[in-house]
Structure formats: structure tokens, C-alpha cells
Amino acid sequence: MKSLTGYLWFNTKTKKAFINITPQVEELVKKSKVMEGFCLVNAMHITSSVFINDDEPGLLNDFDVWLEKLAPHTPTSQYQHNNGEDNADAHLKRSIMGREVVVAITNGELDFGPWEQIFYGEFDGQRKKRVLVKIIGD
Ligand code: ZN
């Protein structure tokens, strides 16, 4: 069995961001030389997500608006967690959007459904954070 562990680092200019990380993950799959296997991609912070969806700007904006309705950043005093910090909404957004994805590797490539792309979702950015990529297979 082959395996490869990689880390992707992010330090977003804005507090919130959606970044298509599919090219970086594909590069690691190629580097692993795994032809048949699995690729796990997970956010290593509890205020950011990894999820799969369509890379369509309107949809990404819809996600942002929807998340802000579910867990508005302000007023920050509405959250018990904001006792010395102000990122309770980011924890909630992370839970909704998920921690990780697993994608099958078939014939040496990520085996996506139509329009599927892997995203890093940042909800409390402007600092260094990372994503784990673990690839296993033959
Ligand atoms: Zn917190």
C-alpha cells in the first residue's frame, strides 16, 4: 500500500473566504502515484471547513448569505462562547459546512461527480491555518 500525507496552508486576507483547493489536492494525488484508493481532505481547525460543491460564484455567495442568516457574526454578545473571543459564529458555520471530505481515487484521479470541486471554507481567517490531505491506496 502507498500513502502520502500533505498539508495545505492558508492565511486569508479576509475573515471569511471560500477557496477552490481541487488543483492542490490533484497535485498531491499525482505525487502519491496511487491509482486506486482514497483521498481524505480535512480542515485542522474548528473554525474552518472542507466541503464539496459547485465552483459557481453565485452559489458561493448564496452559501455566505445563508450561513450569515443561520449564524450571524453580530451581535457577538448573542453567543455564550464569545467570552473573550468573538468567533462563536465561525464554530457554528464550520459545523454546518463540515470538517472533511473523502474522494475515491480511480485510475490515478479524483473520481468526482459532475461539477464537484473541493473547497476550503474559512470563517475566522487572517491567520495561518492548515488542511490535511491523506492519500492511501495502491
Ligand atoms: Zn472560539
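For clarity, every value in this text was computed on a predicted model and none was experimentally measured.

What counts, and at which threshold
- Residues numbered from 1 in each chain as written.
- Predicted model: local features only at pLDDT ≥ 70, side-chain atom pairs only at ≥ 80, totals over all residues.
- Heavy atoms only, no water.
- Helix = DSSP H or I, 4+ residues; strand = E, 2+ residues; numbered from the N terminus.
- Buried < 20%, exposed > 50% of the residue type's maximum accessible area, 1.4 Å probe, protein only.
- Pairing = 2+ DSSP bridges.
- Axes fitted to C-alpha atoms, helices over the stretch in contact; angles between N-to-C directions.
- Salt bridge = Lys/Arg side-chain N within 4 Å of Asp/Glu carboxyl O.
- Contact = heavy atoms within 4.5 Å.
- Polar contact = N/O pair within 3.5 Å; in protein donor to acceptor, adjacent residues only side chain to side chain.

1. Digging into unusual backbone geometry
And step 1. With an omega dihedral of -5°, the bond running from T74 to P75 counts as a cis peptide bond.
And step 2. Looking at the element boundaries, P75 is found in the loop between α2 (57-70) and α3 (88-97).
And step 3. Even without being a glycine, K33 presents a positive backbone phi close to 60°.
And step 4. Structurally, K33 is set in the loop between α1 (22-32) and β3 (37-43).
And step 5. In this structure K33 comes out as exposed when scored by relative accessible area, which is 58%.

2. Considerations on the sheet that holds strand β7 (residues 117-122)
And step 1. Strand order in the open sheet formed by three strands is β2-β7-β4, and the pairing between neighbours is antiparallel. Strand pairing shows two members of the sheet lacking a second neighbour, β2 (17-20) and β4 (48-53), which therefore form its edges. Strand-to-strand twist in this sheet, taken as the mean axis angle between neighbours without regard to direction, amounts to 25°.

3. Looking at the pattern of salt bridges
And step 1. All told, the structure shown has eight salt bridges when counted by the stated rule.
And step 2. The closest approach of N and O atoms between E68 and K16, which form a salt bridge, is 2.7 Å. One end of the pair, E68, is in helix α2; the other, K16, is in the loop between β1 (2-10) and β2, with 52 residues separating them in the sequence.
And step 3. For K16, a relative accessible area of 30% gives the class partly exposed.
And step 4. Across the pair E68 and K93 runs a salt bridge whose closest N-O atoms are separated by 2.7 Å. A residue pair is termed long-range when its members are at least 10 positions apart, and E68 in helix α2 and K93 in helix α3 qualify at 25 residues.

4. Let's talk about the environment of N20
And step 1. Mapped onto the secondary structure, N20 falls in strand β2.
And step 2. Linking N20 and E116, residues 96 residues apart in sequence, is a C-alpha distance of 11 Å.
And step 3. Contact partners of N20, with chain neighbours within four places excluded, come to D55, Q117, I118 and F119.
And step 4. A distance of 2.6 Å separates polar atoms of two side chains, one belonging to N20 and the other to T22.
And step 5. For N20, the side chain forms a polar contact with the side chain of Q117, separated by 2.9 Å.

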